[in-house]
Amino acid sequence: MAFTATKDDSGVYLIRIEGQLIVGNRQELKAAVATALEQGERKFCIDFSRTGYIDSSGLGALVSISKKVREQGAELRLSGLNEDLRSLFELTKLDTLFALSDTAEHAIEGLSE
Amino acid sequence: MTAPLPAALQLCVRRRPGPLGASVQVSLRVPSDVGCIEEVVDLLLRHCTHRAWLCRRMRFNLRVALAEALANAIVAGNREDRSKSVLVEADLSGDQVRVEITDEGIGFDPAGITAPLLPDELDRPNGRGLYLIQQLVDDVTFNDRGNSICLTLRRP
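Keep in mind that this is a model prediction, so the values were computed, not measured. (Residues numbered from 1 in each chain as written. Chains lettered and ligands numbered in written order. Predicted model: local features only at pLDDT ≥ 70, side-chain atom pairs only at ≥ 80, totals over all residues. Heavy atoms only, no water.)

Engineer: Go over the nonpolar core, please, and point to the residues and values.
Structural biologist: Judged by nonpolar contacts, the single largest core of 73 residues is most densely connected at Phe48 of chain A together with Ile37 and Ile101 of chain B. Ranked by residues supplied to this core, first place goes to helix α2 (residues 56–77) of chain B with 12 residues. In contact with isoleucine 101 of chain B, not counting residues within four places along its chain, are Leu66, Ala69, Leu70, Ala73, Val86, Leu87, Val88, Asn147, Ser148 and Ile149 of chain B. Core analysis: the second largest hydrophobic core is formed by 7 residues, Val12, Leu14, Ala107 and Leu111 of chain A among them. (Core = buried A, V, L, I, M, F, W, Y, C linked by side-chain atoms within 4.5 Å. Buried < 20%, exposed > 50% of the residue type's maximum accessible area, 1.4 Å probe, protein only. Helix = DSSP H or I, 4+ residues; strand = E, 2+ residues; numbered from the N terminus. Contact = heavy atoms within 4.5 Å.)

Engineer: Describe in detail the layout of surface pockets, supporting the description with residues and values.
Structural biologist: Residue and element names in this part refer to chain B. Space inside the largest pocket adds up to approximately 760 Å³. Ala71, Asn72, Val75, Ala76 and Ile113 are the residues nearest the centre of the largest pocket, which is lined by 38 residues in total. Ranked by residue count, the leading element in the lining of the largest pocket is α2, at 8 residues. Residue composition of the lining of the largest pocket, grouped by class: 15 nonpolar, 15 polar and 8 charged. (1 Å grid on protein atoms, 1.4 Å probe; cavity = no way out; pocket = protein on both sides within 12 Å on 5 of 7 lines; lining within 4 Å. Points joined across faces, edges and corners; volume = space filled by probe spheres on them. Nonpolar A, V, L, I, M, F, W, Y, C, P; charged D, E, K, R; others polar.)

Engineer: Can you lay out the packing of helix α3 (residues 83–91) of chain A against α2 of chain B for me, pointing to particular residues and giving the numbers?
Structural biologist: As a packed pair, α3 of chain A and α2 of chain B sit with axes 10 Å apart at the nearest point and diverge in direction by 55°. In terms of their interaxial angle, α3 of chain A and α2 of chain B are classed as oblique. Seen from above, α3 of chain A lies across α2 of chain B with right-handed handedness. Each of Glu83, Asp84, Leu85, Ser87 and Leu88 of chain A in α3 of chain A lies in contact with α2 of chain B, whose residues at this interface are Arg56, Arg57, Phe60 and Val64 of chain B. Here the residues of the contact of α3 of chain A with α2 of chain B sort into 4 nonpolar, 1 polar and 4 charged. (Axes fitted to C-alpha atoms, helices over the stretch in contact; angles between N-to-C directions. Parallel < 35°, antiparallel > 145°, perpendicular 65-115°, else oblique. Left-handed = near helix turned anticlockwise from the far one by under 90°.)

Engineer: So what's going on with the sheet that holds strand β1 (residues 2–7) of chain A? Residues and values would help.
Structural biologist: All names here are of chain A. Pairing is mixed across the open sheet formed by 5 strands, whose spatial order is β1-β2-β3-β4-β5. Of all the strands in the sheet, the pair left with one neighbour each is β1 and β5 (99–101). Sheet twist, expressed as the average angle between the axes of neighbouring strands with direction ignored, equals 25°. Contacts from helix α1 (residues 26–38) reach β1, β2 (13–21) and β3 (43–54) within the one sheet, and its direction differs from that of β2 by about 175°. (Pairing = 2+ DSSP bridges.)

Engineer: Break down the side chain of glutamate 68 of chain B for me, with residues and values.
Structural biologist: Along the chain, glutamate 68 of chain B turns up in helix α2. There is no salt bridge for the buried glutamate 68 of chain B, and the closest opposite charge comes from arginine 26 of chain A, which lies 9.5 Å off by N-O distance. (Lys, Arg positive; Asp, Glu negative; His and termini not counted. Salt bridge = Lys/Arg side-chain N within 4 Å of Asp/Glu carboxyl O.)

Engineer: Explain the interface of chain A and chain B residue by residue, including any values.
Structural biologist: Taken together, the contacts link 27 residues of chain A with 25 residues of chain B. Taking both partners together, chain A and chain B bury about 2200 Å²; carbon and sulfur atoms supply 62% of that area. The largest contributions to the chain A side of the interface with chain B come from Tyr53, Asp84 and Leu91 of chain A, which together make up 28% of the buried area. There are 4 salt bridges connecting chain A and chain B. One salt bridge in this structure joins arginine 70 of chain A and aspartate 123 of chain B, with 2.9 Å as the shortest N-O distance. In this assembly, chain A and chain B are joined by 7 residue pairs in polar contact (both at pLDDT 80 or more). (Buried area = accessible area lost by both parts, 1.4 Å probe. Polar contact = N/O pair within 3.5 Å; in protein donor to acceptor, adjacent residues only side chain to side chain.)

Engineer: An account of the packing of aromatic side chains is requested, with residue identities and associated values reported.
Structural biologist: Scanning all chains against the criterion turns up 3 aromatic pairs over all chains. Pairing phenylalanine 89 of chain A with phenylalanine 98 of chain A gives two aromatic rings, centres 5.9 Å apart and planes at 75°, and the pair type is edge-to-face. Assessed through its relative accessible area of 8%, phenylalanine 98 of chain A is described here as buried. Ring centres of phenylalanine 108 of chain B and phenylalanine 142 of chain B lie 5.5 Å apart, and the angle between their planes is 90°; on these two criteria the pair is classed as edge-to-face. A residue pair is termed long-range when its members are at least 10 positions apart, and phenylalanine 108 of chain B in the loop between β4 (96–102) and α3 (129–136) and phenylalanine 142 of chain B in strand β5 (residues 139–142) qualify at 34 residues. On the accessibility criterion, phenylalanine 108 of chain B (35% relative accessible area) is partly exposed. (Phe/Tyr/Trp six-rings, centres within 6.5 Å; stacked < 30°, edge-to-face > 60°.)

Note that every value here comes from positions in space, so none of it alone points to a role or purpose.
Shown next, in the form of structure tokens:
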């Protein structure tokens, strides 16, 4: 996995996951969000439009991130899940835990409101 | 003192022509290194999914189930002990793909694991792996010791 992190004009911290989010690399994502939270970021979008697949460790990392973000009074949205990736969230009921947007642009709009 | 280099993957592929297309047997010895999972999944998919009935969703499901089972074998089974390895044996023949993944751990009782699916459990970061595998492939079985899992995906 590689990811790119950028801050949008409206103050949303956008992380794009490229490749897989699995047991071997999930800690990098958790660390990136933890650092951004420490630096005062409060609006997060994690985008999966360039992601191949996610395993249960990756889902678990997202659950941990979501919890941490909420505890800090921050907001998180996930975006860009294709039909296959979305099925993983539906099977695990995590589609009810996360705010999901079709695109990063929609997620940013939702976070900016 | 420098850390030992991870052992290389050991791959053996056998192909035999057949009436429904070539059957393929793949045997792979994988070091207990989570960094290998992506490569192993790619290798298996490359050799074991050349059947027209394996649609995009089935390939995706197999990919995730394999990554999941390998992670369980390396992390929970072998506890990432680099002196241990994971044996992967895949068989694509007729109308099914069957993959057996065996670690060198003490095994576990799959009946003792429940996935966090209820609303007040969703914040739990762990426990979804086996459940996901069971949802993504047609059949999941274990040996008696619980250190070997067999995944089967069948033609719909």
